[in-house]
Amino acid sequence: MFGFKFYTPTKVVFGKDTELKVAELVKEFGGKKLLIHYGGGSVIKSGLMKRVTDILDEAKIEYVMLGGAVPNPHLGLVYEGIDLCKKEGVDFILAVGGGSAIDSAKAIGYGVTNEGDVWDFYDYKRQATACLPIGVILTLSATGSEMSDSSVITKEEGLVKRGYSSDYCRPKFAIMNPELTMTLPDYQTACGCTDIMMHTMERYFTNGGNMELTDSLAEGLLRTVMNNAKILVKDPKNYDARAEVMWAGSLAHNDLTGCGNDGGDWMAHKLEHELGGLYDVAHGAGLAAVWGSWARYVYKDCLPRFKKFAINVMGVEDKGTDEEIAIKGIESMEAFYHEINMPTNLRELGVEATDDELVEMAHKCAVGVGGSMGSAKLLNEEDMLAIYRACK
Ligand code: NZQ
Ligand code: ZN
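Novice: Is there a simple way to think about a nonpolar patch on the surface in this case?
Specialist: Taken together, the side chains of Met1, Phe4 and Phe6 present a nonpolar region at the surface, about 340 Å² in accessible area. Tracing the chain through its elements places Met1 in the segment before strand S1 (11–14).

Spelled out as structure tokens, the structure:
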């Protein structure tokens, strides 16, 4: 087991009606003037926003509002949010929504507390030294942004999608009421389950470290999400299934399932970020579309873990060669994606990519990771292109 840092400062308040605690929590963490940041309006339509603002009004907590964070949130709105916060003297951001609203809130928080252009952090030019405190009311179980140190923003010019990570942006509190996810379209629920699993799989497929406990947690989390994702296909209002998935979403990306590894692989995510940037696809669906091609490209270089995954997570029988078992594991993962209506290649994702576009994505991806990246197998630009071509 490698050494690690484990830091999850987020206070989680989980369960039915927990959004009613929002004023209490904001006060606990010193918020006096809020920016309430949200997405395209699902939280208004569902009535959640009214409930939240009524509670804040009653508690006499001041706020300004900024909606419009789109999936693959844009830098332009981040700049708008920074200006608004500075003008209004905002000292706390309340993100209400999914990963996009939360990530956009984190970027705004960096922009308010650091001098200069906030994109510099996403462009790996310098490091942030602070972030405004952030609280979250989560409406979509997926990214784990409610506890994570990351934020992913798309710069409209050149459609560059980049992530930036630092502990400063980890939310102070996360309100998680599984019932709030019941208004999600089925597609977004499935995308979320895919993303959750991928956050743990990125940490699982490594070539470093012997991690008995971490592996058991990871395998248990993956099995749990698979079981409950299948339940939600048939019974989307199932509270317990929603709750299992929601909690898994946070644990999958608060680093718990990576303790003791070498940092993880993360190439499926990097490959997907280019798809999200160029074609604006849902993150989880993009991940499902590239995963099989990535896995087939790298599994021989990470065979023991692909075998272990096949047996312990996908329930493949321990019979045949290691390679045969590993391939069966990959195939059954793809069958699971189909079972929850997720794509397993670009065509199924609805993307008709030209070869020039694949070349462009591979190039941007390589630049984005500083040349090469990956633990299951170290991938360079040529490898990235081969994977994009294989998943066409
Ligand atoms: O915008 P609204 O109107 O709210 O609608 C959203 C959006 O259309 C809708 N939605 C959310 N909650 C809902 C709902 N609709 C009905 N009922 C609800 N309860 O769902 C759609 C998708 O929302 P979004 O926030 O974009 O989804 P997600 O949570 O999957 O976030 C995706 C973004 O997060 C990034 C992704 O790359 C992508 O940009 N990621 C962030 C990470 C992090 N910060 O740690 C890690 C991830 O790997 C990921 O890269
Ligand atoms: Zn993700």
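Novice: Where do I start with the state of the cysteines in this structure?
Specialist: Here, disulfide denotes a covalent bond that connects the sulfur atoms of two cysteines. According to the stated counting rule, one finds zero disulfides in the structure shown. Unpaired in terms of disulfides, Cys169 finds its nearest cysteine sulfur in Cys131, a separation of 5.8 Å. Judged by its relative accessible area of 0%, Cys169 falls in the buried class. Just so you know, Cys365 is unpaired, no disulfide at all, and the nearest cysteine sulfur is the one on Cys391, 11 Å from it. On the accessibility criterion, Cys365 (1% relative accessible area) is buried.

Novice: How do you make sense of helix H7 (residues 186–204) when you look at a structure like this?
Specialist: Residue pairs spaced three or four apart in an α-helix point in one direction, given the helix's 3.6 residues per turn. End to end, H7 covers 27 Å across 19 residues, agreeing with the expected 27 Å (1.5 Å per residue, within 8%). Across the 19 residues of H7, 16 count as buried, placing the element largely inside the fold.

Novice: Hey, could you run me through the environment of Ile93 in this one?
Specialist: Of note, Ile93 is situated in strand S4 (residues 92–97). The buried category is assigned to Ile93, whose relative accessible area is 0%. The spatial distance from the C-alpha of Ile93 to the C-alpha of Met147 is 15 Å, given a sequence separation of 54 residues. Residues in contact with Ile93, not counting those within four places in the same chain, are Leu35, His37, Ala105, Ile108, Gly109, Leu132, Pro133, Ile134 and Gly135.

Novice: Before we go on, may I ask you to explain the site of ligand 1 in this structure?
Specialist: Taken together, 32 residues form the shell around ligand 1, and within it Gly40, Ser42, Gly99, Ser100 and Asp103 come nearest. Within the backbone of Leu180, one N or O atom sits 2.9 Å away from a nitrogen atom of ligand 1. Protein coverage of the free-state accessible area of ligand 1, which is 950 Å², stands at 89%. Elements with a minimum of two residues in the shell around ligand 1: helix H5 (99–113), strand S6 (150–155), H7 and helix H10 (267–279). In terms of residue class, the shell around ligand 1 is built from eight nonpolar, 21 polar and three charged.

Novice: Any chance you could explain H10 here in plain terms?
Specialist: Counted at 1.5 Å a residue, the expected span for H10 with its 13 residues is 18 Å, and the 18 Å between its end C-alpha atoms agrees. The buried fraction of H10 is high, at 10 of 13 residues. When we look at burial in H10, the residues that qualify are Met267, Ala268, His269, Leu271, Glu272, His273, Glu274, Leu275, Gly276 and Gly277. Of the residues trailing H10, Asp280 is marked for its positive phi of about 55°.

Novice: Please clarify how the coordination of the zinc ion (ligand 2) should be interpreted in this entry.
Specialist: Binding of the zinc ion (ligand 2) to the protein goes through Asp195 (OD), His199 (NE2), His269 (NE2) and His283 (NE2), at separations of 1.9 to 2.2 Å. On the primary sequence, the residues serving as donors to the zinc ion (ligand 2) are separated as D-x3-H-x69-H-x13-H. One end of the pair, His199, is in helix H7; the other, His283, is in helix H11 (residues 283–298), and 84 residues separate them in sequence. Exposure remark for His283: the relative accessible area of 17% places this residue in the buried category.

The rules behind these values
- Residues numbered from 1 in each chain as written.
- Chains lettered and ligands numbered in written order.
- Predicted model: local features only at pLDDT ≥ 70, side-chain atom pairs only at ≥ 80, totals over all residues.
- Heavy atoms only, no water.
- Patch = residues over 30% accessible without salt bridge, like charges linked within 9 Å, V, L, I, M, F, W, Y side chains within 5 Å.
- Areas by Shrake-Rupley, 256 points an atom, 1.4 Å probe, with all protein chains shown as cover.
- Salt bridge = Lys/Arg side-chain N within 4 Å of Asp/Glu carboxyl O.
- Helix = DSSP H or I, 4+ residues; strand = E, 2+ residues; numbered from the N terminus.
- Disulfide = S-S within 2.5 Å.
- Buried < 20%, exposed > 50% of the residue type's maximum accessible area, 1.4 Å probe, protein only.
- Expected span 1.5 Å × (residues − 1).
- Contact = heavy atoms within 4.5 Å.
- Near = heavy atom within 4 Å.
- Polar contact = N/O pair within 3.5 Å; in protein donor to acceptor, adjacent residues only side chain to side chain.
- Nonpolar A, V, L, I, M, F, W, Y, C, P; charged D, E, K, R; others polar.
- Donors = N, O, S within 2.8 Å, 3.2 Å for Na, K, Ca; no water.

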